[in-house]
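As a plain string of letters, each chain reads:
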Amino acid sequence: METARDVGATANGGGAVGPHPVGRRRERRLTGATPWLFLAPALLLFVVFKYVPMAEGIRLSLFQVRPFLGDLFVGMDNYVRILEDDRFRSAIGRTFLLAAGQTTGAMLIGFALALVLEGHARSLWFVRSAVFLPVVAATAVIGEIWRLLYYPAPEGFINNILSFVGLGPLTFLDSPDSALWSVMAVGVWKSAPYDMVLILAGLAGIDRQQYEAAEIDGASTWQRIRYVTLPALRPVVTILLTLAAIRGLRTFTEVYVLTGGGPAGSTDVWMTRVFSVAFERNELGIASAGSVLLFLITFALTVTVQLYRRRKAT
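Since the structure is predicted, the reported quantities are computational estimates derived from the model, not experimental observations.

Criteria and cut-off values
- Residues numbered from 1 in each chain as written.
- Predicted model: local features only at pLDDT ≥ 70, side-chain atom pairs only at ≥ 80, totals over all residues.
- Heavy atoms only, no water.
- Axes fitted to C-alpha atoms, helices over the stretch in contact; angles between N-to-C directions.
- Helix = DSSP H or I, 4+ residues; strand = E, 2+ residues; numbered from the N terminus.
- Parallel < 35°, antiparallel > 145°, perpendicular 65-115°, else oblique.
- Left-handed = near helix turned anticlockwise from the far one by under 90°.
- Contact = heavy atoms within 4.5 Å.
- Nonpolar A, V, L, I, M, F, W, Y, C, P; charged D, E, K, R; others polar.
- Polar contact = N/O pair within 3.5 Å; in protein donor to acceptor, adjacent residues only side chain to side chain.
- Salt bridge = Lys/Arg side-chain N within 4 Å of Asp/Glu carboxyl O.
- Buried < 20%, exposed > 50% of the residue type's maximum accessible area, 1.4 Å probe, protein only.
- Phe/Tyr/Trp six-rings, centres within 6.5 Å; stacked < 30°, edge-to-face > 60°.
- Lys NZ or Arg CZ within 6 Å of the ring centre and 35° of its normal.
- Core = buried A, V, L, I, M, F, W, Y, C linked by side-chain atoms within 4.5 Å.

(A) Structural context of the packing of helix α5 (residues 124-136) against helix α8 (residues 179-204). The geometry of α5 relative to α8 is characterised by a closest axis approach of 6 Å and an angle of 130° between their N-to-C directions. Between α5 and α8, the angle falls in the class oblique. Note that α5 runs across α8; the crossing there is left-handed. In contact with R128, V131, F132, P134 and V135 of α5, α8 contributes W189, K190, P193, Y194, M196, V197 and L200. Taken together, the residues that form the contact of α5 with α8 break down as 10 nonpolar, no polar and 2 charged.

(B) Quick peek at helix α9 (residues 208-216). You can read the cap of α9 off the contacts: a side-chain oxygen lies 3.1 Å from the backbone nitrogen of Q209, and it is on D207. Taken from the residues just after α9, G218 is the one with a positive phi, measuring 90°.

(C) Quick look at the pattern of salt bridges. Enumeration over the complete set of coordinates arrives at 8 salt bridges. With a shortest N-O distance of 2.6 Å, R147 and E144 are connected by a salt bridge. Here the residue R147 and the residue E144 both occupy positions in helix α6 (residues 139-149), the gap between them amounting to 3 residues, near one helical turn. Relative accessible area serves as the criterion here: at 38%, R147 is assigned to the partly exposed category. You can call E144 partly exposed: its relative accessible area is 36%. The partner of R247 in a salt bridge is D195, with the nearest N and O atoms 3.8 Å apart.

(D) Spatial organisation of unusual backbone geometry. P263 follows G262 through a cis peptide bond whose omega is -5°. As for its position among the elements, P263 is in the loop between α12 (253-258) and α13 (270-279). A positive phi angle, close to 55°, is found at F172, a residue other than glycine. Mapped onto the elements of the fold, F172 is located in the loop between α7 (157-162) and α8.

(E) Geometry of the packing of aromatic side chains. Per the stated rule, a full pass over the model turns up 12 aromatic pairs. Taken together, a centroid distance of 5.3 Å and an interplanar angle of 50° make the contact between W146 and Y150 tilted. Taking relative accessible area as the criterion, W146 reaches 14% and is therefore assigned buried. Directly above the ring of F63 sits R59, whose terminal nitrogen or CZ lies 5.3 Å from the centroid.

(F) Layout of the nonpolar core. Ranked by internal contacts, the top residues of the largest apolar core, which has 18 residues, are A114, I199, L203 and L233. Of all the elements in the fold, those that place two or more residues in this core are α4 (86-117), α8, α9, α10 (221-232) and α11 (234-249). Counting 16 residues, the second-largest nonpolar core is a separate cluster that includes A99, L249, V277 and I286.

(G) Here's a closer look at the packing of α6 against α8. Packing of α6 against α8 leaves a shortest axis separation of 11 Å and a crossing angle of 130°. The orientation of α6 relative to α8 falls into the category oblique. The two elements α6 and α8 meet at a crossing, and its hand is right-handed. Contacts between α6 and α8 involve T139, I142 and W146 from the former and V186, W189 and K190 from the latter.

(H) Local environment of the side chain of S288. Mapped onto the secondary structure, S288 falls in helix α14 (residues 284-313). Given a relative accessible area of 12%, S288 falls into the buried group. Dropping the residues within four chain positions of it, S288 is found in contact with G57, L60 and S61.

(I) Quick peek at α13. Across the 10 residues of α13, 7 count as buried, placing the element largely inside the fold. For α13, every residue scored as buried is listed here: W270, T272, R273, V274, S276, V277 and A278.

Shown next, in the form of structure tokens:
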């Protein structure tokens, strides 16, 4: 029996019996491939419904699209026509104004809400959930609700409230002077709770001992916010700016539902202009070029914010 065990050990490499090297390599390959098997359905959906349409949009931007007649290659002519179009240039200006106003307002209100709702009390979860509801609601539904709230007659909901303090009635969406600001207010109302959640996550990561040390040194509430809270929230602010650059520049649904780009084009932003060119004038090549330009602008702003963050981090 001793001899048989020695022979068996010798046959297996002179030591203890273990998995064969080929089997170990096969196991490592299977383990490395497992995450990709789980990701495959999502990647397939991304390719079919995101990247393939993006590639097709870039291709169409170089053509004069003529359904049933064949597309004509025009090169960069569609881009030149957009850059020379006064309505597109005005639309990009309003888009930047709307994005800047919504970003600033949402971050300030979100920061204020986060400071108020920070804590571990059990009752806060209900308040936070109620405040977060505008984020999960459909944008089209929000637009319709606010269009009713903005009803310009004295019996309108907001005008009725303003009448108690001697203001109104205001025209809101029906005046070129106030329509864009009214749309901006809706965007701030919808985006502020989202910013609040990210800021709350940032506040939770701040060491409480820093607040205690600042209080012992005699720092006021504003000084603690300025010298402790805001520096610690710099990574969160960078994320919010990046998301706001993407979210603000592609604003469409709320503008389309509230005003449709009017009155007199006063709320006509880049995406509503692209929509109008594509589906009202049937110039799909120019509309595709407009979408590509918006993508490039958004990409450039995102990269700029990220480079600024890395420079500050170093």
